[in-house]
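Below are the chains, spelled out letter by letter.
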Amino acid sequence: NAGVTQTPKFQVLKTGQSMTLQCAQDMNHNSMYWYRQDPGMGLRLIYYSASEGTTDKGEVPNGYNVSRLNKREFSLRLESAAPSQTSVYFCASSERVLYGYTFGSGTRLTVV
Amino acid sequence: KNQVEQSPQSLIILEGKNCTLQCNYTVSPFSNLRWYKQDTGRGPVSLTIMTFSENTKSNGRYTATLDADTKQSSLHITASQLSDSASYICVVFGSSNTGKLIFGQGTTLQVKP
């Protein structure tokens, strides 16, 4: 089915390790986003890419970097994982920033 | 401060009953308001999107209302089904050039047989 694909679905990291979360969409959307979801809190924006070639910080960018590899792919990198980054990470895309978002199924990350 | 508050935090109803979820927001300027359904272990799925000029929008058994004057929205679910058990998230889009949605914490609905 068309949509947003995230990999991996689950990951356990040790403190200080690095990893990249992958996201790809096949809807030809211009804008892509990375969110984190923590218990009792609404989703919070980490980074977004309004269009290919651009990236901007969201509400909680510290400890993360992103790459808009091409129009389809938007990756999130944790350079040195910390327990505070234990969360569920969602990638989303939209045709434009005002339009409806399509979310991926999430990556559940645990940092020990 | 831009905020979206939802109530109740959780709700249990019997299958076949109706329910209404509430959303109050202080986001300004306001562009649109969205309701999402999030099943356990899945990403949010859009139910409705309303601009400030729209009062009501329906999607099957889901009906969202918006009062832009009082900055309140509600999501009414009619004839609930077991598959309606999920978290329902109210999201307000406050700015057209930053891509920043303000998410509520969600209301967890459990429908029991």
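Residues numbered from 1 in each chain as written. Chains lettered and ligands numbered in written order. Predicted model: local features only at pLDDT ≥ 70, side-chain atom pairs only at ≥ 80, totals over all residues. Heavy atoms only, no water.

## Considering the overall build of chain A
On a plain count of helices and strands, chain A comes out with zero helices and eleven strands. Mapped from its N terminus to its C terminus, chain A presents α and β elements in the order β-β-β-β-β-β-β-β-β-β-β. Taken along its principal axes, the extent of the C-alpha atoms in chain A is 35 × 25 × 25 Å. For chain A, buried positions account for 48% of its 112 residues. Total accessible area on chain A is roughly 5200 Å²; 47% of this is exposed by carbon and sulfur atoms. (Helix = DSSP H or I, 4+ residues; strand = E, 2+ residues; numbered from the N terminus. Buried < 20%, exposed > 50% of the residue type's maximum accessible area, 1.4 Å probe, protein only. Areas by Shrake-Rupley, 256 points an atom, 1.4 Å probe, with all protein chains shown as cover.)

## Overview of the nonpolar core
In terms of nonpolar packing, the biggest core is built from 23 residues, with Y25, L33, W35, L75 and Y88 of chain B touching the most fellow members. Residue assignment for this core shows that the elements contributing at least two residues are β3 (19–25), β4 (32–38), β5 (45–51), β7 (62–67), β8 (72–77), β9 (86–93) and β11 (107–112) of chain B. The residues touching Y25 of chain B, leaving out its near neighbours within four places in the chain, are Q3, V4, F30, L33, L66, D67, A68, K71, Q72 and V92 of chain B. Counting residues in hydrophobic clusters, the runner-up holds 20 residues, among them Y47, V60, Y89 and L109 of chain A. (Core = buried A, V, L, I, M, F, W, Y, C linked by side-chain atoms within 4.5 Å. Contact = heavy atoms within 4.5 Å.)

## A closer look at the state of the cysteines
As used here, a disulfide is simply a covalent bond connecting the sulfur atoms of two cysteines. Residues and elements named next belong to chain A. Summed over all chains, the structure comprises two disulfides over all chains. Linked covalently through their sulfurs, C23 and C91 form a disulfide whose S-S length is 1.8 Å. For the disulfide bridge between C23 and C91, the dihedral angle about the S-S bond is near -70°, and by the sign convention the bridge is left-handed. With a gap of 68 residues between them, C23 in strand β3 (residues 19–25) and C91 in strand β9 (residues 87–94) connect regions that are remote in the sequence. For the pair C23 and C91, one class covers both residues: buried. (Disulfide = S-S within 2.5 Å.)

## Points about the pattern of salt bridges
All names here are of chain A. Within this structure, the stated rule accounts for six salt bridges over all chains. A salt bridge links D38 to R44; the shortest N-O distance between them is 2.7 Å. On the basis of relative accessibility, which here comes to 11%, the residue D38 falls in the buried class. On the basis of relative accessibility, which here comes to 18%, the residue R44 falls in the buried class. Several salt bridges share partner residues, and in doing so they unite R36, D38 and R44 into one network. (Salt bridge = Lys/Arg side-chain N within 4 Å of Asp/Glu carboxyl O.)

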